[in-house]
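# Reading the structure
For reference, the chains in residue letters:
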Amino acid sequence: MTEQQAYDALARVMDPEIPTISIVDLGMVDEVRVHASHVDVALLPTFLGCPALDLIEEAVQKAMPGAVVTFRNDPPWSTDRITEAGREALRQFGVAPPEDVVRCPRCGTEEVLSENLFGPTRCRSIYYCPACRAPFEAFKAI
Amino acid sequence: MTEEQLLAAADDELMLGHRDSEWTGLAPHVEADVALSSLAQDEMAHAAALYTLLSPADPDALACGREPTAYRHAPLLEVGGRDFAFSVTRQYLYDIFEEQRIRQFLGSGWPELRAIAERMSREEKYHRMHDRALMAALGDRLQPALNRAWPLALGLFEGTGLAEAEWRAVVVPELTAWGLIVPEAEPVLGRTQHGPDFEELWNDLTGLFRSDPSRHW
Ligand SMILES: [Zn+2]
(Lines give C-alpha, C1' and ligand atoms only; values in the text may rest on other atoms or scores of the structure.)
Protein backbone atom coordinates (compact mmCIF):
# COMPACT_ATOMS: atom_id res chain seq x y z
CA MET A 1 0.00 0.00 0.00
CA THR A 2 1.24 3.50 -0.84
CA GLU A 3 0.66 6.57 1.31
CA GLN A 4 -1.78 7.88 -1.30
CA GLN A 5 -3.78 4.66 -1.14
CA ALA A 6 -3.86 4.96 2.63
CA TYR A 7 -5.22 8.52 2.41
CA ASP A 8 -7.80 7.36 -0.19
CA ALA A 9 -8.97 4.70 2.26
CA LEU A 10 -9.15 7.25 5.11
CA ALA A 11 -11.17 9.60 2.87
CA ARG A 12 -13.91 6.95 2.90
CA VAL A 13 -14.11 7.01 6.72
CA MET A 14 -16.95 9.35 7.64
CA ASP A 15 -17.53 11.20 10.90
CA PRO A 16 -20.08 9.15 12.89
CA GLU A 17 -22.03 12.28 13.84
CA ILE A 18 -21.94 14.05 10.46
CA PRO A 19 -21.84 11.29 7.81
CA THR A 20 -21.21 13.63 4.84
CA ILE A 21 -17.72 14.63 6.01
CA SER A 22 -14.66 12.36 6.07
CA ILE A 23 -12.05 12.34 8.81
CA VAL A 24 -9.55 13.61 6.20
CA ASP A 25 -11.72 16.65 5.37
CA LEU A 26 -12.30 17.23 9.09
CA GLY A 27 -8.52 17.58 9.44
CA MET A 28 -8.26 14.75 11.94
CA VAL A 29 -5.40 12.92 10.21
CA ASP A 30 -2.08 14.08 11.64
CA GLU A 31 0.24 11.40 10.31
CA VAL A 32 0.15 8.26 8.13
CA ARG A 33 3.09 5.82 8.06
CA VAL A 34 3.04 2.91 5.66
CA HIS A 35 5.00 -0.17 6.76
CA ALA A 36 5.40 -3.51 5.00
CA SER A 37 3.05 -5.22 7.45
CA HIS A 38 0.60 -2.48 8.41
CA VAL A 39 -0.21 1.23 8.41
CA ASP A 40 0.14 3.55 11.43
CA VAL A 41 -2.48 6.28 11.57
CA ALA A 42 -2.24 9.14 14.08
CA LEU A 43 -5.49 11.05 14.53
CA LEU A 44 -6.34 14.27 16.37
CA PRO A 45 -9.62 14.12 18.34
CA THR A 46 -11.88 17.01 17.34
CA PHE A 47 -13.05 17.55 20.94
CA LEU A 48 -11.38 16.48 24.18
CA GLY A 49 -13.05 13.29 25.31
CA CYS A 50 -15.06 12.99 22.08
CA PRO A 51 -17.27 9.90 22.61
CA ALA A 52 -17.05 8.88 18.93
CA LEU A 53 -13.33 7.97 19.00
CA ASP A 54 -13.89 4.22 19.42
CA LEU A 55 -16.29 4.23 16.47
CA ILE A 56 -13.78 6.14 14.33
CA GLU A 57 -10.99 3.72 15.24
CA GLU A 58 -13.20 0.78 14.25
CA ALA A 59 -14.14 2.44 10.96
CA VAL A 60 -10.48 3.08 10.10
CA GLN A 61 -9.63 -0.56 10.76
CA LYS A 62 -12.53 -1.64 8.56
CA ALA A 63 -11.35 0.63 5.72
CA MET A 64 -7.73 -0.45 6.17
CA PRO A 65 -7.43 -3.89 7.77
CA GLY A 66 -4.50 -4.10 10.18
CA ALA A 67 -4.23 -0.32 10.63
CA VAL A 68 -2.86 0.75 14.02
CA VAL A 69 -4.73 3.85 15.19
CA THR A 70 -3.44 6.23 17.85
CA PHE A 71 -4.96 9.49 19.09
CA ARG A 72 -2.85 12.48 20.10
CA ASN A 73 -3.79 15.87 21.58
CA ASP A 74 -0.63 17.60 20.39
CA PRO A 75 -0.91 19.46 18.02
CA PRO A 76 -4.38 20.45 19.18
CA TRP A 77 -7.07 20.04 16.52
CA SER A 78 -8.87 23.22 15.54
CA THR A 79 -11.71 23.99 13.13
CA ASP A 80 -9.13 25.77 10.93
CA ARG A 81 -8.05 22.27 9.85
CA ILE A 82 -11.38 21.56 8.09
CA THR A 83 -10.80 21.61 4.31
CA GLU A 84 -12.85 23.55 1.73
CA ALA A 85 -14.45 20.27 0.59
CA GLY A 86 -15.21 19.56 4.25
CA ARG A 87 -16.93 22.92 4.66
CA GLU A 88 -19.12 22.20 1.63
CA ALA A 89 -19.92 18.74 3.04
CA LEU A 90 -21.08 20.37 6.30
CA ARG A 91 -23.38 22.73 4.37
CA GLN A 92 -24.80 19.76 2.46
CA PHE A 93 -25.65 18.20 5.80
CA GLY A 94 -27.39 21.44 6.88
CA VAL A 95 -24.68 22.51 9.34
CA ALA A 96 -23.05 25.92 8.90
CA PRO A 97 -19.25 25.53 8.73
CA PRO A 98 -17.14 27.27 11.40
CA GLU A 99 -16.47 30.85 10.29
CA ASP A 100 -16.14 34.23 11.97
CA VAL A 101 -19.56 35.16 10.57
CA VAL A 102 -22.25 32.47 10.78
CA ARG A 103 -24.26 32.11 7.57
CA CYS A 104 -27.44 30.09 6.99
CA PRO A 105 -26.36 26.85 5.25
CA ARG A 106 -29.52 26.93 3.10
CA CYS A 107 -29.77 30.52 1.80
CA GLY A 108 -26.39 31.95 2.81
CA THR A 109 -27.69 35.02 4.65
CA GLU A 110 -25.71 36.48 7.55
CA GLU A 111 -28.97 37.80 9.04
CA VAL A 112 -29.36 34.97 11.51
CA LEU A 113 -30.22 34.80 15.21
CA SER A 114 -28.24 32.89 17.84
CA GLU A 115 -30.67 30.63 19.69
CA ASN A 116 -28.26 28.65 21.84
CA LEU A 117 -24.47 28.54 21.94
CA PHE A 118 -24.86 24.86 22.77
CA GLY A 119 -26.59 22.21 20.72
CA PRO A 120 -27.27 18.51 20.23
CA THR A 121 -23.57 17.66 20.29
CA ARG A 122 -20.63 19.42 21.91
CA CYS A 123 -19.33 20.76 18.60
CA ARG A 124 -22.52 22.53 17.47
CA SER A 125 -24.57 25.65 18.28
CA ILE A 126 -28.19 26.38 17.34
CA TYR A 127 -29.22 29.36 15.16
CA TYR A 128 -32.43 30.54 13.48
CA CYS A 129 -32.73 31.91 9.94
CA PRO A 130 -35.67 34.35 9.68
CA ALA A 131 -35.50 34.25 5.83
CA CYS A 132 -35.88 30.47 5.75
CA ARG A 133 -38.06 30.53 8.88
CA ALA A 134 -36.14 27.55 10.12
CA PRO A 135 -33.54 26.75 12.73
CA PHE A 136 -30.14 25.38 11.78
CA GLU A 137 -26.99 24.18 13.49
CA ALA A 138 -23.53 25.71 13.17
CA PHE A 139 -20.17 24.08 13.85
CA LYS A 140 -18.47 25.96 16.70
CA ALA A 141 -15.29 27.80 15.69
CA ILE A 142 -12.76 26.38 18.11
CA MET B 1 2.48 23.71 38.65
CA THR B 2 2.38 20.67 40.95
CA GLU B 3 0.57 17.34 40.54
CA GLU B 4 -1.55 18.27 43.56
CA GLN B 5 -2.72 21.42 41.75
CA LEU B 6 -3.48 19.42 38.62
CA LEU B 7 -5.48 16.90 40.65
CA ALA B 8 -7.43 19.77 42.25
CA ALA B 9 -8.22 21.08 38.77
CA ALA B 10 -9.37 17.66 37.54
CA ASP B 11 -11.54 17.18 40.65
CA ASP B 12 -13.08 20.67 40.26
CA GLU B 13 -14.04 19.85 36.67
CA LEU B 14 -15.44 16.43 37.56
CA MET B 15 -17.63 17.68 40.41
CA LEU B 16 -18.97 20.63 38.42
CA GLY B 17 -19.62 18.36 35.43
CA HIS B 18 -21.53 15.97 37.66
CA ARG B 19 -23.62 18.74 39.25
CA ASP B 20 -24.39 20.26 35.82
CA SER B 21 -25.43 16.86 34.50
CA GLU B 22 -28.05 16.61 37.25
CA TRP B 23 -30.03 19.32 35.41
CA THR B 24 -30.46 17.19 32.29
CA GLY B 25 -34.20 16.90 31.74
CA LEU B 26 -34.98 19.14 34.73
CA ALA B 27 -33.74 22.66 33.84
CA PRO B 28 -36.37 25.44 33.81
CA HIS B 29 -36.51 25.59 30.00
CA VAL B 30 -35.28 23.51 27.12
CA GLU B 31 -32.44 25.82 25.99
CA ALA B 32 -31.00 25.86 29.51
CA ASP B 33 -31.30 22.10 29.59
CA VAL B 34 -29.33 21.71 26.34
CA ALA B 35 -26.71 24.20 27.54
CA LEU B 36 -26.20 22.63 30.98
CA SER B 37 -25.94 19.17 29.44
CA SER B 38 -23.25 20.39 27.03
CA LEU B 39 -21.43 22.24 29.83
CA ALA B 40 -21.49 19.01 31.84
CA GLN B 41 -20.00 17.03 28.95
CA ASP B 42 -17.28 19.65 28.38
CA GLU B 43 -16.26 19.76 32.06
CA MET B 44 -16.29 15.96 32.32
CA ALA B 45 -14.13 15.70 29.20
CA HIS B 46 -11.65 18.23 30.64
CA ALA B 47 -11.53 16.20 33.84
CA ALA B 48 -10.94 12.99 31.85
CA ALA B 49 -8.06 14.59 29.91
CA LEU B 50 -6.40 15.78 33.14
CA TYR B 51 -6.86 12.42 34.93
CA THR B 52 -5.35 10.69 31.88
CA LEU B 53 -2.36 13.01 32.07
CA LEU B 54 -1.90 12.23 35.79
CA SER B 55 -2.54 8.50 35.48
CA PRO B 56 -2.25 7.30 31.86
CA ALA B 57 -2.64 3.63 32.78
CA ASP B 58 -5.87 3.94 34.75
CA PRO B 59 -7.57 7.35 34.73
CA ASP B 60 -10.92 5.83 35.82
CA ALA B 61 -9.40 4.56 39.06
CA LEU B 62 -8.06 8.03 39.79
CA ALA B 63 -11.41 9.66 38.99
CA CYS B 64 -13.71 7.20 40.77
CA GLY B 65 -11.58 4.93 42.95
CA ARG B 66 -10.51 7.23 45.77
CA GLU B 67 -11.89 7.54 49.28
CA PRO B 68 -13.88 10.78 49.80
CA THR B 69 -11.06 12.37 51.85
CA ALA B 70 -8.63 12.05 48.92
CA TYR B 71 -10.57 14.40 46.60
CA ARG B 72 -9.22 17.93 46.20
CA HIS B 73 -12.07 19.98 44.69
CA ALA B 74 -13.21 23.25 46.29
CA PRO B 75 -16.45 23.24 48.33
CA LEU B 76 -18.21 25.48 45.74
CA LEU B 77 -18.34 22.58 43.28
CA GLU B 78 -19.89 19.94 45.51
CA VAL B 79 -22.99 21.96 46.44
CA GLY B 80 -26.13 20.11 45.32
CA GLY B 81 -29.84 20.88 45.35
CA ARG B 82 -32.20 22.23 42.73
CA ASP B 83 -31.29 25.91 42.88
CA PHE B 84 -31.02 27.05 39.27
CA ALA B 85 -29.93 30.59 40.20
CA PHE B 86 -27.09 29.14 42.26
CA SER B 87 -26.01 26.87 39.39
CA VAL B 88 -25.92 29.78 36.93
CA THR B 89 -23.97 31.98 39.35
CA ARG B 90 -21.55 29.19 40.28
CA GLN B 91 -20.86 28.41 36.62
CA TYR B 92 -20.01 32.05 35.88
CA LEU B 93 -17.78 32.55 38.95
CA TYR B 94 -16.01 29.26 38.26
CA ASP B 95 -15.56 29.77 34.51
CA ILE B 96 -13.80 33.11 35.07
CA PHE B 97 -11.53 31.37 37.60
CA GLU B 98 -10.95 28.58 35.10
CA GLU B 99 -9.87 31.04 32.43
CA GLN B 100 -7.11 32.16 34.78
CA ARG B 101 -6.19 28.55 35.58
CA ILE B 102 -5.97 27.64 31.89
CA ARG B 103 -3.50 30.50 31.41
CA GLN B 104 -1.43 28.95 34.21
CA PHE B 105 -1.50 25.60 32.34
CA LEU B 106 -0.53 27.29 29.06
CA GLY B 107 2.55 28.65 30.83
CA SER B 108 3.63 25.27 32.18
CA GLY B 109 6.71 23.38 31.06
CA TRP B 110 4.65 20.27 30.24
CA PRO B 111 3.86 20.17 26.50
CA GLU B 112 0.97 17.69 26.86
CA LEU B 113 -0.68 19.88 29.50
CA ARG B 114 -0.25 22.93 27.27
CA ALA B 115 -1.93 21.07 24.37
CA ILE B 116 -4.90 20.09 26.56
CA ALA B 117 -5.14 23.62 27.94
CA GLU B 118 -5.19 24.99 24.40
CA ARG B 119 -8.21 22.81 23.61
CA MET B 120 -9.96 23.66 26.89
CA SER B 121 -9.43 27.32 26.26
CA ARG B 122 -11.25 27.22 22.90
CA GLU B 123 -14.26 25.44 24.41
CA GLU B 124 -14.34 27.68 27.49
CA LYS B 125 -14.83 30.78 25.36
CA TYR B 126 -18.35 29.48 24.63
CA HIS B 127 -18.96 28.82 28.32
CA ARG B 128 -18.17 32.40 29.27
CA MET B 129 -20.31 33.86 26.46
CA HIS B 130 -23.20 31.72 27.67
CA ASP B 131 -22.63 32.50 31.38
CA ARG B 132 -22.47 36.24 30.78
CA ALA B 133 -25.64 36.32 28.66
CA LEU B 134 -27.54 34.43 31.38
CA MET B 135 -26.11 36.53 34.24
CA ALA B 136 -27.02 39.76 32.40
CA ALA B 137 -30.55 38.50 31.66
CA LEU B 138 -31.26 37.41 35.23
CA GLY B 139 -29.50 40.41 36.85
CA ASP B 140 -30.40 41.30 40.43
CA ARG B 141 -32.66 38.26 40.77
CA LEU B 142 -29.41 36.37 41.34
CA GLN B 143 -28.54 38.31 44.52
CA PRO B 144 -29.48 35.52 46.98
CA ALA B 145 -27.54 33.01 44.86
CA LEU B 146 -24.53 35.32 44.73
CA ASN B 147 -24.62 35.82 48.51
CA ARG B 148 -24.44 32.06 48.89
CA ALA B 149 -21.89 31.34 46.14
CA TRP B 150 -19.46 34.20 46.81
CA PRO B 151 -17.65 32.95 49.95
CA LEU B 152 -17.45 29.49 48.37
CA ALA B 153 -16.03 30.96 45.16
CA LEU B 154 -13.30 32.72 47.16
CA GLY B 155 -12.31 29.26 48.39
CA LEU B 156 -11.43 28.20 44.83
CA PHE B 157 -8.01 29.82 45.12
CA GLU B 158 -6.78 27.74 48.06
CA GLY B 159 -3.49 26.10 47.11
CA THR B 160 -3.75 26.94 43.41
CA GLY B 161 -1.07 29.61 43.28
CA LEU B 162 -3.56 31.85 41.43
CA ALA B 163 -4.21 35.46 42.42
CA GLU B 164 -7.71 36.21 43.68
CA ALA B 165 -7.19 39.90 42.83
CA GLU B 166 -6.93 39.05 39.13
CA TRP B 167 -10.29 37.27 39.25
CA ARG B 168 -11.93 40.05 41.27
CA ALA B 169 -10.81 42.58 38.66
CA VAL B 170 -12.97 40.72 36.13
CA VAL B 171 -16.01 39.63 38.14
CA VAL B 172 -16.60 42.62 40.45
CA PRO B 173 -17.26 45.22 37.69
CA GLU B 174 -19.36 42.74 35.71
CA LEU B 175 -21.51 41.72 38.70
CA THR B 176 -21.99 45.39 39.57
CA ALA B 177 -23.04 46.21 36.00
CA TRP B 178 -25.64 43.41 36.20
CA GLY B 179 -27.19 45.09 39.25
CA LEU B 180 -25.67 42.81 41.85
CA ILE B 181 -24.03 43.78 45.14
CA VAL B 182 -20.76 41.95 45.79
CA PRO B 183 -20.88 40.60 49.35
CA GLU B 184 -18.07 40.99 51.85
CA ALA B 185 -17.11 37.59 53.11
CA GLU B 186 -14.30 35.35 54.21
CA PRO B 187 -13.42 32.47 51.87
CA VAL B 188 -14.85 29.05 52.68
CA LEU B 189 -11.88 26.71 52.47
CA GLY B 190 -12.04 22.96 52.20
CA ARG B 191 -10.12 21.33 49.36
CA THR B 192 -8.99 18.71 51.88
CA GLN B 193 -12.17 18.20 53.88
CA HIS B 194 -15.63 17.89 52.41
CA GLY B 195 -19.20 18.39 53.57
CA PRO B 196 -22.38 16.27 53.57
CA ASP B 197 -23.22 17.25 49.96
CA PHE B 198 -20.07 15.49 48.84
CA GLU B 199 -20.98 12.27 50.61
CA GLU B 200 -24.11 12.03 48.48
CA LEU B 201 -22.25 13.12 45.32
CA TRP B 202 -19.41 10.65 45.91
CA ASN B 203 -21.84 7.75 46.36
CA ASP B 204 -23.65 8.69 43.17
CA LEU B 205 -20.53 9.33 41.11
CA THR B 206 -18.36 6.43 42.18
CA GLY B 207 -20.86 3.72 43.19
CA LEU B 208 -20.95 1.99 39.83
CA PHE B 209 -17.17 2.03 39.44
CA ARG B 210 -16.59 0.75 42.98
CA SER B 211 -19.05 -2.12 42.43
CA ASP B 212 -16.45 -3.70 40.10
CA PRO B 213 -13.20 -1.69 39.80
CA SER B 214 -11.69 -4.14 37.31
CA ARG B 215 -14.38 -3.56 34.69
CA HIS B 216 -13.77 -1.30 31.69
CA TRP B 217 -16.80 1.03 31.21
ZN1 LIG C 1 -31.72 30.82 5.45
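Residues numbered from 1 in each chain as written. Chains lettered and ligands numbered in written order. Predicted model: local features only at pLDDT ≥ 70, side-chain atom pairs only at ≥ 80, totals over all residues. Heavy atoms only, no water.

Residue and element names in this part refer to chain A. Taken together, three strands build an open sheet; the order of strands is 1-2-3 and the sheet is mixed. Each end of this open sheet is capped by a strand with a single partner; those strands are strand 1 (29-34) and strand 3 (68-71). Mean inter-strand twist for the sheet, computed between neighbouring axes without regard to direction, equals 15°. Of the strand pairs in this sheet, strand 2 (residues 39-43) and strand 3 are connected by four bridges, and their pairing is parallel. Looking at the pairing, L43 lines up with F71 of strand 3. Helix 2 (residues 53-63) rests against strand 2 and strand 3 of the sheet, and its axis sits at about 155° to strand 3. (Pairing = 2+ DSSP bridges. Helix = DSSP H or I, 4+ residues; strand = E, 2+ residues; numbered from the N terminus. Axes fitted to C-alpha atoms, helices over the stretch in contact; angles between N-to-C directions. Contact = heavy atoms within 4.5 Å.)

Turning to the nonpolar core, a few remarks are in order. By size, the foremost hydrophobic cluster in this structure holds 100 residues, and its most contacted members are I23(A), V60(A), M64(A), F139(A), L93(B), W167(B) and L175(B). Ranked by the residues each element gives to this core, the list is headed by helix 2 (residues 30-54) of chain B, at 11 residues. Contact partners of L175(B), with chain neighbours within four places excluded, come to Y92(B), L93(B), M135(B), L146(B), W150(B), L180(B) and V182(B). Formed by eight residues, the second largest nonpolar core is a distinct cluster that contains A96(A), Y127(A), C129(A) and F136(A). (Core = buried A, V, L, I, M, F, W, Y, C linked by side-chain atoms within 4.5 Å. Buried < 20%, exposed > 50% of the residue type's maximum accessible area, 1.4 Å probe, protein only.)

Residue and element names in this part refer to chain B. Compared with the 16 Å implied by 1.5 Å per residue over 12 residues, the 16 Å span of helix 6 (residues 143-154) between its first and last C-alpha is a close match. Counted residue by residue, helix 6 has nine buried out of 12 residues, so it is predominantly covered. Taken residue by residue, helix 6 has Q143, A145, L146, A149, W150, P151, L152, A153 and L154 as its buried positions. Buried residues belonging to helix 6 abut helix 4 (84-106) and helix 7 (164-177). (Expected span 1.5 Å × (residues − 1).)

Before going further, it helps to examine the interface of chain B and chain A. Taken together, the contact between chain B and chain A spans 23 residues of the former and 21 residues of the latter. Contact with chain A buries area across many residues of chain B, yet R119(B), R122(B) and Y126(B) alone supply 36% of it, more than any other trio. Along the contact surface separating chain B from chain A lie two salt bridges. As a salt-bridge pair, R122(A) and E123(B) come within 3.1 Å of each other at their nearest N and O atoms. Summed over the shared surface of chain B and chain A, the number is nine residue pairs in polar contact (both at pLDDT 80 or more). Looking at the side of chain B that touches chain A, the elements with two or more residues in it are helix 2 and helix 5 (111-138) of chain B. Element by element, the count of residues in the side of chain B that touches chain A is highest for helix 5 of chain B, at 13 residues. When grouped by side-chain class, the residues that make up the side of chain B that touches chain A number 11 nonpolar, five polar and seven charged. (Buried area = accessible area lost by both parts, 1.4 Å probe. Salt bridge = Lys/Arg side-chain N within 4 Å of Asp/Glu carboxyl O. Polar contact = N/O pair within 3.5 Å; in protein donor to acceptor, adjacent residues only side chain to side chain. Nonpolar A, V, L, I, M, F, W, Y, C, P; charged D, E, K, R; others polar.)

Residues and elements named next belong to chain B. Examined against the element boundaries, T192 turns out to sit in the loop between helix 7 and helix 8 (196-211). By relative accessible area, which is 47% here, T192 ends up partly exposed. Taking the C-alpha atoms as reference points, T192 and E158, separated by 34 residues in sequence, lie 10 Å from one another. Discounting residues that sit within four places of it in the chain, T192 has contacts with T69 and R72.

A few words on the packing of aromatic side chains. All names here are of chain B. This structure, assessed with the given rule, holds nine aromatic pairs over all chains. Geometrically, the ring pair formed by F157 and W167 is edge-to-face, given 5.5 Å between the ring centres and 65° between the ring planes. In this pair, F157 sits in the loop between helix 6 and helix 7 while W167 sits in helix 7, placing the two residues 10 residues apart along the sequence. As far as the burial class goes, F157 and W167 line up, both buried. Ring-pair connections join several aromatic residues into one group, and the members of that group are Y94, F97, W150, F157 and W167. Sitting over the ring of F86, R148 keeps its end group 4.5 Å from the ring centre. (Phe/Tyr/Trp six-rings, centres within 6.5 Å; stacked < 30°, edge-to-face > 60°. Lys NZ or Arg CZ within 6 Å of the ring centre and 35° of its normal.)

Now for the packing of helix 2 of chain B against helix 5 of chain B. Residue and element names in this part refer to chain B. Look at helix 2 against helix 5: their axes get within 11 Å of each other, and the N-to-C directions meet at 165°. Classified by the interaxial angle, the pair formed by helix 2 and helix 5 is roughly antiparallel. The chirality of how helix 2 crosses helix 5 is left-handed. Each of A35, L39, D42, E43, H46, A49, L50 and L53 in helix 2 lies in contact with helix 5, whose residues at this interface are E112, L113, I116, M120, E123, E124, H127 and H130. Tallied by class, residues from the contact of helix 2 with helix 5 come to eight nonpolar, three polar and five charged. (Parallel < 35°, antiparallel > 145°, perpendicular 65-115°, else oblique. Left-handed = near helix turned anticlockwise from the far one by under 90°.)

Quick look at the side chain of D33(B) now. Residues and elements named next belong to chain B. Inspection of the secondary structure puts D33 in helix 2. Comment: no salt bridge for buried D33; closest opposite-charge side chain is R82, at 9.7 Å. A polar contact of 3.4 Å, which involves the side chain of D33, links it to the backbone nitrogen of A27. Dropping the residues within four chain positions of it, D33 is found in contact with W23, T24, G25, L26 and A27. (Lys, Arg positive; Asp, Glu negative; His and termini not counted.)

Moving on to the packing of helix 4 of chain B against helix 5 of chain B. All names here are of chain B. Following both chains from N to C, one finds helix 4 and helix 5 inclined at 155°, their axes separated by 9 Å at the closest point. Classified by the angle their axes make, helix 4 and helix 5 are roughly antiparallel. Handedness of the crossing formed by helix 4 with helix 5: left-handed. Grouping the constituent residues of the contact of helix 4 with helix 5 by class yields 12 nonpolar, four polar and nine charged.

None of this, on its own, says anything about what the molecule does.
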